[in-house]
Amino acid sequence: MSRVYNFSAGPSTLPLEVLKQAQAEMLDYGNSGMSITEMSHRTKTFMAVNDEANALLRELMNIPEDYAVLFVQGGASQQFAAVPLNLMKTGKADYIVTGNFAGKAQEEGMKYGEAKIVASSKDKNFTYIPDVDKIEFSADADYVHLTSNNTIFGSRFTKFPTTKAPLVADMSSNILSEEVDVSKFGVIYAGAQKNIAPAGVTIVIVRKDLLGNALPACPTMLNYAIHAKNDSLYNTPPCFSIYVSMLVFRWLKALGGVKAIQEINEYKAGLLYDFIDNSSLYKNYVNVKDRSIMNVPFVTGSEELDAKFVKEATANGFVSLKGHRLVGGMRASIYNAMPVEGVKALIEFMKKFELENK
Ligand SMILES: *Cc1c(COP(=O)(O)O)cnc(C)c1O
């Protein structure tokens with residue numbers, strides 16, 4: 001067996017220990033004589049998995065009692081509609097647009113009311129995060145939406161705005177990567193396939209007082225209150241993804257939790273950015289203080305050389321480094337499950353490539 005270093009932005013690399021455990025339990029989960037993917041979601045066995053995943057996420061993120069944790073389907077993109085359908089009581093919301101997904105969320109919001117762009121970094125191709133203290137929010141917005149980490153452009157909020165309206169954050173690409181004060185948010189949502197589990201499950205953390213205000217047209221399956229009331233078992237949930245989420249949460253807890261992984265993530269990102277900043281070949285264009293510690297885009301300045309880099313990297317076991325088509329160049333996604341050795345090995349490869357291509 002030879003595993004590559006996988007820098008995919010999503011779905012992305014998972015901890016080897018977790019994959020091994022899932023493999024070992026594949027044919028017979030907990031002496032049930034069947035795999036977790038083959039049993040009813042109403043069995044005690046699966047419900048214990050559902051409960052443990054929920055409890056572990058609460059513990060890891062220090063989620064207060066007055067929040068519901070939901071495991072739903074449809075990906076983060078589905079939440080672009082679910083958020084307005086659940087929260088847009090008076091038909092007005094503010095959006096901070098710092099990237100492609102943030103823009104998509106705002107466009108979807110427009111279908112249900114006035115989704116006003118109160119700040120944007122589009123003027124500089126999303127290479128920075130607007131100063132949150134200078135944003136003028138609407139007095140009567142039902143919520144304020146932002147994207148905490150911009151997966152494609154490699155930027156992140158290091159400070160969140162203080163808002164009168166509930167703050168809603170798409171944390172798909174940096175949930176559990178650093179400590180966050182959940183009590184500052186009305187809703188946090190995240191597709192699991194970046195930092196948690198296989199695709200299929202989406203996490204929604206919602207303050208309970210925000211439940212029960214869904215628009216009349218809100219589909220049952222998008223209604224947070226329905227999922228909260230049914231412990232995410234209103235219908236068949238994505239059982240396997242929830243099970244792997246539980247394994248990843250256990251892995252993270254054993255490692256020391258979010259505080260510990262944050263230190264590792266800052267260390268990994270620091271190594272890579274330091275190398276890029278000191279190299280004469282590679283460049284990262286994101287405002288230094290707004291740089292993501294999960295997604296690191298970089299270019300050589302020549303499209304031809306970028307293509308050569310990606311090709312040679314792949315041949316050397318560093319895969320999925322091609323940048324998003326909106327940015328070009330390369331992008332190294334270094335989520336929680338990417339080991340420090342993976343980043344160090346990538347830097348060694350980058351050094352060698354630079355020497356050979358002066
Ligand atoms: C990947 C991603 C999405 C889209 O997620 P899907 O689960 O594919 O719908 C949305 N927002 C952010 C920040 C992402 O990184």
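Residues numbered from 1 in each chain as written. Predicted model: local features only at pLDDT ≥ 70, side-chain atom pairs only at ≥ 80, totals over all residues. Heavy atoms only, no water.

1. A closer look at the overall build of the protein
Per the secondary structure count, the protein includes nine helices and 13 strands. For the protein, whose C-alpha radius of gyration is 21 Å, the value lies close to the compact-globule estimate of 21 Å for 358 residues. Expressed as a percentage of its 358 residues, the buried residues of the protein come to 56%. Considering only contacts within the protein whose residues lie at least 6 apart along the sequence, 67% involve residues at least 24 apart. In the form shown here, the protein has an accessible surface area of approximately 15800 Å², with 51% of it arising from carbon and sulfur atoms. (Helix = DSSP H or I, 4+ residues; strand = E, 2+ residues; numbered from the N terminus. Rg over C-alpha atoms; globule rule 2.2 N^0.38 Å. Buried < 20%, exposed > 50% of the residue type's maximum accessible area, 1.4 Å probe, protein only. Contact = heavy atoms within 4.5 Å. Areas by Shrake-Rupley, 256 points an atom, 1.4 Å probe, with all protein chains shown as cover.)

2. Observations concerning the pattern of salt bridges
All chains considered together, the criterion is met by 13 salt bridges. For Asp277, the salt bridge goes to Arg291, with nearest N and O atoms at 2.9 Å. Placement of the pair is Asp277 in helix 7 (residues 257-278) and Arg291 in the loop between helix 7 and strand 11 (295-298), with a sequence separation of 14 residues. The closest approach of N and O atoms between Asp290 and Lys289, which form a salt bridge, is 3.0 Å. Classification of Asp290 as buried rests on a relative accessible area of 2%. (Salt bridge = Lys/Arg side-chain N within 4 Å of Asp/Glu carboxyl O.)

3. Points about helix 6 (residues 239-254)
The terminal C-alpha atoms of helix 6, which comprises 16 residues, lie 23 Å apart, in line with the 22 Å expected from a rise of 1.5 Å per residue. The buried fraction of helix 6 amounts to twelve of the 16 residues, a majority that puts the element mostly inside the structure. For helix 6, the set of buried residues is Cys239, Ser241, Ile242, Tyr243, Val244, Ser245, Met246, Leu247, Val248, Phe249, Trp251 and Leu252. Positive phi shows up at Gly256, right after helix 6, with a value of about 115 degrees. (Expected span 1.5 Å × (residues − 1).)

4. Structural notes on the nonpolar core
Nonpolar side chains in soluble globular proteins generally cluster together in the buried interior. Counting 57 residues, the largest nonpolar core has Leu57, Met61, Leu176, Ile205, Tyr243 and Phe249 as the members making the most contacts within it. Looking at which element gives the most residues to this core, the answer is helix 6, with ten residues. Residue-level mapping places this core at the junction of two domains, with at least three residues from each of domain 1 (5-15 + 256-356) and domain 2 (30-254). The contact partners of Tyr243, leaving out residues within four places of it in the chain, are Gln21, Ala22, Glu25, Tyr29, Ile36 and Val49. One finds Tyr143, Phe153, Val168 and Val206 within the second-largest nonpolar core, a separate group that totals 31 residues. (Core = buried A, V, L, I, M, F, W, Y, C linked by side-chain atoms within 4.5 Å. Domains from an automatic or database assignment.)

5. Side note on the environment of Ser302
If you trace the backbone, Ser302 turns up in the loop between strand 11 and helix 8 (303-315). Residue classification places Ser302 among the partly exposed positions, given a relative accessible area of 28%. C-alpha of Ser302 to C-alpha of Ala169: the two residues are 133 residues apart in sequence and 35 Å apart in space.

6. Regarding the packing of aromatic side chains
Summed over the entire model, instances satisfying the criterion amount to 16 aromatic pairs. With centroids separated by 5.9 Å and ring planes inclined at 75 degrees, the aromatic side chains of Tyr95 and Tyr143 adopt a geometry described as edge-to-face. On the criterion of sequence distance, the pair formed by Tyr95 in strand 3 (residues 92-97) and Tyr143 in the loop between strand 4 (114-120) and strand 5 (144-147) is long-range, its members being 48 residues apart. Across this residue pair, the class does not change: Tyr95 and Tyr143 are buried. Members of the aromatic cluster, joined through ring pairs, are Tyr5, Phe275, Tyr282, Phe298, Phe309, Phe318, Phe349 and Phe353. Of note, Lys124 hangs over the ring of Tyr128, and the distance from its end group to the ring centre comes to 5.6 Å. (Phe/Tyr/Trp six-rings, centres within 6.5 Å; stacked < 30°, edge-to-face > 60°. Lys NZ or Arg CZ within 6 Å of the ring centre and 35° of its normal.)

7. A word on unusual backbone geometry
Here the amide bond leading from Gly10 into Pro11 is cis, since omega sits at -10 degrees, within 30 degrees of zero. The residue Pro11 is located in the loop between strand 1 (5-6) and helix 1 (16-24) in this model. Here Asn31, not a glycine, exhibits a phi torsion of approximately 60 degrees, which is positive. The residue Asn31 is located in the loop between helix 1 and helix 2 (44-61) in this model. In this model, Phe126 sits at a positive phi of 55 degrees, which is unusual for a non-glycine residue. For Phe126, the location among the structural elements is in the loop between strand 4 and strand 5. With relative accessibility at 9%, the residue Phe126 sits in the buried group.

8. Some thoughts on the domain arrangement of the protein
Domains assigned within the protein are domain 1 (5-15 + 256-356) and domain 2 (30-254). Once you take the C-alpha centre of each, domain 1 and domain 2 turn out to be 26 Å apart. Taken together, the contact between domain 1 and domain 2 spans 32 residues of the former and 33 residues of the latter. Both faces combined, the contact of domain 1 with domain 2 buries some 2600 Å², and carbon together with sulfur accounts for 58% of it. Considering only the surface of domain 1 that becomes buried against domain 2, Val258, Asp290 and Asn336 emerge as the three largest contributors, covering 20% of it. Taken together, the links from domain 1 to domain 2 amount to 18 residue pairs in polar contact (both at pLDDT 80 or more). The dominant element in the side of domain 1 that touches domain 2, judged by the number of residues it contributes, is helix 7, at seven residues. Of the residues belonging to the side of domain 1 that touches domain 2, the class tally is 16 nonpolar, eleven polar and five charged. (Buried area = accessible area lost by both parts, 1.4 Å probe. Polar contact = N/O pair within 3.5 Å; in protein donor to acceptor, adjacent residues only side chain to side chain. Nonpolar A, V, L, I, M, F, W, Y, C, P; charged D, E, K, R; others polar.)

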